[in-house]
Amino acid sequence: MVTEGETKEKTKPRFLCLHGFRTSGHILETQLQKWPNSVLDQLDLVFPDAPFPCTGKSEVEGFFDPPYFEWFQFNKEFTEYTNFDECLAYIEDLMIKNGPFDGLLGFSQGSILSAALPGLQAKGAALSKVPKIKFLIIVGGAKFRNKAVADNAYSSPIQCPSVHFLGETDFLKQYGVELIEHFVDPVVIHHPKGHTIPRIDEKGLEKMLSFLERIQK
């Protein structure tokens, strides 16, 4: 007979994983294989594709096979977004159908979304039909620059426990640093690479495992 304690121990935190711009859920799943099993085995990860087929050239062409998808479209300054409300509705729908979810894991465009969603949810601007997002894993993150979105997303400190991967040569690094300022007690893991999902070194692994231990509780 399984005791209650054992059952509890077996439920891993469930994360909805939002892939990068013009990639796919399968590509993100492949990219995360660089992480050790000691991390991956503690998480229940779900990898959907974004709602919109890729509208231009993908940076991963030649490295990963198509199809490629994007969460929403944007202008060069990243201040105007197309299909943004549709994207939020689509994510909420994924969470209703495949949830409940405890957290979000995001890379690149997916991480910009993931980091903004707890604030948007708290303000009633997104995800009103699903449980509160409790945890975040952000790789190569940045902030939204549209004033209306940013005001909702970052005006109050973001309370949920979060871990942020910052690449030394990532072109988004300074924006990732600005994003982290909005979080209460974020865990930051530095890596020497650019805008990518990095391998986790010994020091990073220590931080990641203690983060996972904290959220398991």
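Residues numbered from 1 in each chain as written. Predicted model: local features only at pLDDT ≥ 70, side-chain atom pairs only at ≥ 80, totals over all residues. Heavy atoms only, no water.

### Quick word on the environment of phenylalanine 21
Within the secondary structure, phenylalanine 21 sits in the loop between β1 (14-18) and α2 (25-31). Through-space distance from the C-alpha of phenylalanine 21 to that of valine 60 is 9.6 Å; in sequence the pair is 39 residues apart. Discounting chain neighbours no more than four positions away, the residues touching phenylalanine 21 are Phe69, Glu70, Phe72, Phe74 and Gln109. (Helix = DSSP H or I, 4+ residues; strand = E, 2+ residues; numbered from the N terminus. Contact = heavy atoms within 4.5 Å.)

### Here we look at the packing of helix α5 (residues 109-122) against helix α6 (residues 147-154)
Between α5 and α6, the shortest axis-to-axis distance is 6 Å and the interhelical angle comes to 75 degrees. Regarding the angle of α5 to α6, the classification is roughly perpendicular. Contact residues: Ala116, Gly119 and Leu120 in α5; Val149, Asn152, Ala153 and Tyr154 in α6. Of the residues that constitute the contact of α5 with α6, the class distribution is five nonpolar, two polar and no charged. (Axes fitted to C-alpha atoms, helices over the stretch in contact; angles between N-to-C directions. Parallel < 35°, antiparallel > 145°, perpendicular 65-115°, else oblique. Nonpolar A, V, L, I, M, F, W, Y, C, P; charged D, E, K, R; others polar.)

### Some details on the state of the cysteines
Counted according to the given criterion, the structure contains zero disulfides. Unpaired in terms of disulfides, cysteine 17 finds its nearest cysteine sulfur in cysteine 160, a separation of 15 Å. Classification of cysteine 17 by relative accessible area gives buried; the value is 0%. (Disulfide = S-S within 2.5 Å. Buried < 20%, exposed > 50% of the residue type's maximum accessible area, 1.4 Å probe, protein only.)

### What to know about unusual backbone geometry
The linkage connecting proline 66 with the following residue, proline 67, adopts the cis geometry, with an omega of 5 degrees. Backbone torsion omega between glycine 99 and proline 100 reads 0 degrees, so that peptide bond is classified as cis. Residue asparagine 83 is not a glycine yet carries a positive backbone phi of 65 degrees. The residue asparagine 83 is located in the loop between β6 (81-82) and α4 (84-98) in this model. A positive phi angle, near 55 degrees, is found at leucine 127, a position not held by glycine. Along the chain, leucine 127 falls in the loop between α5 and β8 (135-139). Assessed through its relative accessible area of 3%, leucine 127 is described here as buried.

### Let's talk about the UniProt feature "domain: Serine hydrolase" (unreviewed entry) in the chain
When the UniProt feature table is mapped onto this chain, "domain: Serine hydrolase" (unreviewed entry) is found at residues 11-200. Each end of residues 11-200 is marked by a C-alpha atom, and these two atoms are 24 Å apart; helix forms 29% of the span and strand 19%. (UniProt positions renumbered as here; feature names shortened; annotations may be inferred.)

### Comments concerning the pairing of strand β9 (residues 162-167)
Burial within β9 is extensive, with six of its six residues counted as buried. Going residue by residue along β9, you find Ser162, His164 and Leu166 tucked away on one face and Val163, Phe165 and Gly167 tucked away on the opposite face as well. With four bridges connecting them, β8 and β9 associate as parallel partners. Note that in β9 the partner of valine 139 across the bridge is phenylalanine 165. What joins β8 to β9 is α6, and the crossover it makes is right-handed. Taken together, β9, helix α7 (residues 173-180) and strand β10 (residues 187-191) constitute a β-α-β crossover, and its handedness is right-handed. (Pairing = 2+ DSSP bridges. Right-handed = clockwise from strand over helix to strand, strands pointing away.)

### Remarks on the sheet that holds strand β2 (residues 44-46)
Strand order in this open sheet of six strands is β2-β1-β7-β8-β9-β10, and the pairing throughout is parallel. Two strands bound the open sheet, and with one partner strand each, they are β2 and β10. Here the strands of the sheet are splayed against their neighbours by 20 degrees on average, with no regard to which way each runs. In terms of strand pairing, β1 meets strand β7 (residues 103-107) through four bridges, oriented parallel. Residue pairing in the sheet places phenylalanine 15 in a bridge with glycine 103 of β7. Here α5 sits on the sheet and contacts β1, β7 and β8; the angle it forms with β7, its principal contact strand, is near 150 degrees.

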